Amino acid sequence: MPYTPIASAAASTVASAAAVAAQDLKVEAPPKAELGDFAIGCFAAAKAQRKSPAVLAAEIAASFAPSQWLASATATGPFVNFRAARPAAFRWVVTAALTDQLLPRALGAGQTICIDYSSPNISKSLAYHHIRSTVIGHSLVQIFRALGYRTVGINHLGDWGTTHGMLIAGAKLWPEALPEPVDVAALGALYQRYRKEMETDPKLEDLARQWFGRLERGDAEARAMWQRFRDISWAEFETVYQQLGITFDEVRGESAYEAAMPGVLEEMAQKGLSKESEGALVIELPGEKAPLLLKTKDGTTLYATRDLAAAQYRWTTYHFTRSLYVVDRGQALHFRQLFAALGLAGHEWASRCEHVPFGLVRLGGKKTGTRAGNVVLLKEVFADATDDVTPRIAENQAQLPPEQVAETARMVGIGAVVFANLVTQREKDVDFTWEKVVSLDGDSGPYLQYSHARCASILRKAGWTSSNVEAAAEAEQLDFSRLAHDAEWAVARRLLDFPEIVARAAQSCEPHGICHYLLDLAGDFSRWYTAGNGDATLRVLCDDEDTRRVRLMLTAAVRATMARGLGLLGMGAPDAM
Ligand code: ARG
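Residues numbered from 1 in each chain as written. Predicted model: local features only at pLDDT ≥ 70, side-chain atom pairs only at ≥ 80, totals over all residues. Heavy atoms only, no water.

Peer 1: Is there a simple way to explain the overall build of the protein in this structure?
Peer 2: Regarding its fold elements, the protein presents 20 helices and 15 strands. In terms of its C-alpha atoms, the protein occupies a principal-axis envelope of roughly 85 × 65 × 40 Å. Looking at the protein residue by residue over its 577 residues, the buried ones come to 52%. Sequence-distant contacts in the protein: of pairs separated by 6 or more residues, those separated by 24 or more amount to 73%. Here the protein has roughly 25,000 Å² of accessible surface; of this, 51% comes from carbon and sulfur atoms. (Helix = DSSP H or I, 4+ residues; strand = E, 2+ residues; numbered from the N terminus. Buried < 20%, exposed > 50% of the residue type's maximum accessible area, 1.4 Å probe, protein only. Contact = heavy atoms within 4.5 Å. Areas by Shrake-Rupley, 256 points an atom, 1.4 Å probe, with all protein chains shown as cover.)

In structure tokens form, the structure reads like this:
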């Protein structure tokens, strides 16, 4: 679908030559920039006309007349390659970027996307491997929202289950294990100890089960202890969310679905889906080796049972177009079973539920996960990254007051970690190599932020004081034909791709496309900017007043798009670093 007037004009030209809708045509970049700016294959149109695509492409090119947005058309095999009318395209893209209208904000109108992300388990540290869910989910919220969707960011806190019986039992048995002030690390250690001692002392298993039973029945002491552990955990998680600028629309833990359990079990029984197997209650699913477990043989409901209730709750509350679960790929079976069971139960909306899986993070060649003994804490990674970049920023920006250096370092340090988690395709494992993550050159977060800061610094040097909106108004009057170099056009051509890239990232739930796009934009900008080193006429801050003004406009448009893109990834855009 074309998202800019230039791409639309190209699509309309082909569409009007045959009975196809312009909306259905794919507008692509030709394989080489020399061929043109936009390529459209004539396959479907030719079929409708019973012609060969190459013949139709040649006919369209031969009868082409230049228009407001298009300068020329040539046929290459089955493709028509169009060239943009550059001054008009420059003006449009600069104005759209400066007024934040580059993205198709009507795309998601009237549609709701639920995004379950982060969703850690209480009484366990938010360790490094949690960041991927948190960071990918947060980015998806920004992406969908930018496209006009209503988004519901959900933290499905893991705050229920037999684990909590172990914690309460452990705290009663060994109060000295939780010295004040109690933190999540101590709770995590207590849980590990309980599990270990349970291996040799089977009585402990019983004890934990008893405490969980009391918790389920609403026993005051059990409830109070559980609540306390939950509060301690949440307070710690929140400091991390604050650092990342995350707020959830809904924090509803698994415990919130306790009351819905009888209803879920009844529904599944009534529909003839659940059955007893070795004392447990299960749903057997066609094509799956393992059944979905609803209830253990001692009557406790499980993670899956609560997820069935949560899915239904989300449907009745939000009537979502898509309900996403950003959870590591290790839970693929769970989600496959969950959605299949909902489908078997006759819920048409089950097909709108999607698991958005992601790969693990390897730190120093080692995969991190809860079971990997050496758990690296997220807050420590952020602190280390921030420490790492501070001296460089302090050196580059000696004129900045220390608070601003600290603030920028925080933005860059956290941004570096965020970017490293997004730049790798979602389903691939991330190799987290520290030096690469915080490097200023290379495909890193700091490199993108630096590129944004460089645009800002050029504008500062030029005494640019206009707001983006003022600049956009001014763009109406300027002569964009002064941007006559291919290096300048390459930047504008890249900006024109932004809407398509973001729409695709939403469709595939893949923020990594935006990461690579921004790296390309930074590269195009840098090529243009450095071309001025060898050729004075190409300098942004050249002598000719009118040329300088349009070059600054293009710089401001890059800066605005870079900031917008970084925002979609959940990263800050510093003005100096
Ligand atoms: N708490 C779970 C875990 O840490 C993730 C929950 C994901 N969301 C869900 N609805 N199951 O593994």
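Picking up where we left off.
Peer 1: How do you make sense of the side chain of Ser439 when you look at a structure like this?
Peer 2: Assignment of secondary structure puts Ser439 in the loop between helix H15 (434-438) and helix H16 (445-461). When sequence neighbours within four positions are dropped, the list of residues in contact with Ser439 reads Arg392, Ser444, Pro446 and Tyr447.

Peer 1: I tried to follow helix H17 (residues 468-475) on my own but got confused; where do I start?
Peer 2: Spacing of three or four residues puts side chains on the same side of an α-helix, whose turn is 3.6 residues. Ala471, Ala472 and Ala475 are the residues of H17 that are buried. The buried residues of H17 occupy one face: seen down the axis, they fall within an arc of 100°. (Arc of directions from axis to C-beta.)

Peer 1: How should I be thinking about the pattern of salt bridges in this particular structure?
Peer 2: Overall, the coordinates contain 35 salt bridges when judged by the stated rule. Note that Glu180 and Arg228 form a salt bridge whose closest N and O atoms lie 3.0 Å from each other. Of the two residues, Glu180 is situated in the loop between helix H6 (162-173) and helix H7 (184-200) and Arg228 in helix H9 (residues 220-244); the sequence distance between them amounts to 48 residues. Of the charged contacts, one joins Glu354 and Arg322 as a salt bridge, the two residues approaching to 2.7 Å between their closest N and O atoms. Of the two residues, Glu354 sits in strand E12 (residues 353-356) while Arg322 sits in strand E11 (residues 322-326), which places them 32 residues apart along the sequence. A residue is classified by how much of its surface remains accessible, and Glu354, at 25% relative accessible area, is partly exposed. Since its relative accessible area comes to 11%, Arg322 is described here as buried. (Salt bridge = Lys/Arg side-chain N within 4 Å of Asp/Glu carboxyl O.)

Peer 1: Where do I start with the state of the cysteines in this structure?
Peer 2: Here is the idea: a disulfide is a covalent bond, and it sits between the sulfur atoms of two cysteines. Summed over the entire model, instances satisfying the criterion amount to zero disulfides. Here Cys114 is not disulfide-linked; the sulfur of Cys353 is the nearest cysteine sulfur, at 8.8 Å. Lacking any disulfide linkage, Cys455 is separated from the closest cysteine sulfur, that of Cys542, by 16 Å. A residue is classified by how much of its surface remains accessible, and Cys455, at 0% relative accessible area, is buried. (Disulfide = S-S within 2.5 Å.)

Peer 1: What am I meant to see in the pairing of strand E3 (residues 70-76) here?
Peer 2: Every other side chain in a regular strand lies on the same face of the sheet, so the side chains alternate between the two faces. For E3 and strand E4 (residues 79-84), the ladder comprises six bridges, and the chain directions are antiparallel. Within E4, the position partnered with Thr76 by the bridge is Phe79. Taking the residues between adjacent antiparallel strands as the criterion, E3 and E4 are bridged by two residues, where Gly77 takes a positive phi near 55°. (Pairing = 2+ DSSP bridges.)

Peer 1: So what exactly am I meant to see when it comes to the site of the ligand here?
Peer 2: Neighbouring the ligand are the residues Asp116, Ser119, Asn121, His156, Tyr303, Asp307, Tyr325, Val327, Gln331 and Phe335. Asn121 places a side-chain nitrogen or oxygen 2.7 Å from a nitrogen atom of the ligand. Across the complex, the protein chains shield 88% of the 350 Å² of accessible surface that the ligand would expose by itself. Class assignment for the residues of the shell around the ligand results in four nonpolar, four polar and two charged. (Near = heavy atom within 4 Å. Polar contact = N/O pair within 3.5 Å; in protein donor to acceptor, adjacent residues only side chain to side chain. Nonpolar A, V, L, I, M, F, W, Y, C, P; charged D, E, K, R; others polar.)

Peer 1: Mind showing me how you'd approach the sheet that holds strand E5 (residues 112-116) here?
Peer 2: Consider a sheet: its strands pair through backbone hydrogen bonds, and that pairing is either parallel or antiparallel. Strands sit in the order E7-E6-E5-E11-E12 across an open sheet of five strands; the sheet is parallel. Each end of this open sheet is capped by a strand with a single partner; those strands are strand E7 (250-251) and E12. In this sheet, E7 lies alongside strand E6 (residues 150-155) in parallel orientation, the contact comprising two bridges. Bridge pairing links Asn155 to Val251 in E7.

Peer 1: When you look at the packing of helix H8 (residues 203-216) against H9 in this model, what are you seeing that I'm missing?
Peer 2: For any two helices packed against each other, one specifies the inter-axial angle together with the distance between the axes. Axis separation between H8 and H9 bottoms out at 7 Å; the angle between their running directions is 95°. Between H8 and H9, the angle is such that the two are roughly perpendicular. Contacts from Trp211, Arg214 and Leu215 of H8 reach H9 at Glu221, Ala222, Arg223 and Trp226. Per-class residue counts for the contact of H8 with H9 are four nonpolar, no polar and three charged. (Axes fitted to C-alpha atoms, helices over the stretch in contact; angles between N-to-C directions. Parallel < 35°, antiparallel > 145°, perpendicular 65-115°, else oblique.)

Peer 1: Just to check I follow, could you spell out the packing of helix H13 (residues 378-396) against helix H14 (residues 402-422) for this structure?
Peer 2: Orientation of H13 relative to H14, taken along the N-to-C sense of each, is 125°, at an axis distance of 7 Å. Comparing the axis directions of H13 and H14 gives the class oblique. Relative to H14, the crossing made by H13 is right-handed. Contact with H13, carried on its side by Val381, Phe382, Ala385, Thr386, Val389, Thr390, Ile393 and Ala394, involves Val405, Thr408, Ala409, Arg410, Val412, Gly413, Ile414 and Val417 of H14 and no other residues of that element. Split by residue class, the contact of H13 with H14 holds eleven nonpolar, four polar and one charged. (Left-handed = near helix turned anticlockwise from the far one by under 90°.)

Peer 1: Looking at this structure, how should I read the sheet that holds strand E10 (residues 292-295)?
Peer 2: The strand order across the open sheet formed by three strands is E8-E9-E10, and the pairing between neighbours is antiparallel. Only two strands of the sheet have a single partner each, and these edge strands are strand E8 (274-277) and E10. The sheet shows a mean angle of 40° between the axes of neighbouring strands, taken without regard to direction. Relative to strand E9 (residues 280-283), E8 runs antiparallel, the two being bridged by four bridges. Among the inter-strand pairings, Ser274 is bridged to a residue of E9, identified as Ile283.

Peer 1: I would appreciate a short explanation of the packing of aromatic side chains in the present structure.
Peer 2: Aromatic rings in a pair are described by how distant their centres are and how their planes are angled relative to each other. Tallied over the entire structure, the rule returns 20 aromatic pairs. Aromatic side chains Trp315 and Trp349 sit 5.8 Å apart centroid to centroid with 15° between the ring planes, which places their arrangement in the stacked category. Here Trp315, found in helix H11 (residues 303-318), pairs with Trp349, found in the loop between helix H12 (332-344) and E12; they are 34 residues apart in sequence, far enough to count as distant. Judged by relative accessible area, which is 17%, Trp315 ranks as buried. Taken together through their ring pairs, the aromatic side chains of Tyr117, Trp234, Tyr241 and Phe248 make up a single cluster. (Phe/Tyr/Trp six-rings, centres within 6.5 Å; stacked < 30°, edge-to-face > 60°.)

Peer 1: In this structure, what is going on with the side chain of Glu488? I would like to understand it.
Peer 2: If you trace the backbone, Glu488 turns up in helix H18 (residues 486-508). Look at Glu488 and you get buried, because its relative accessible area is 0%.

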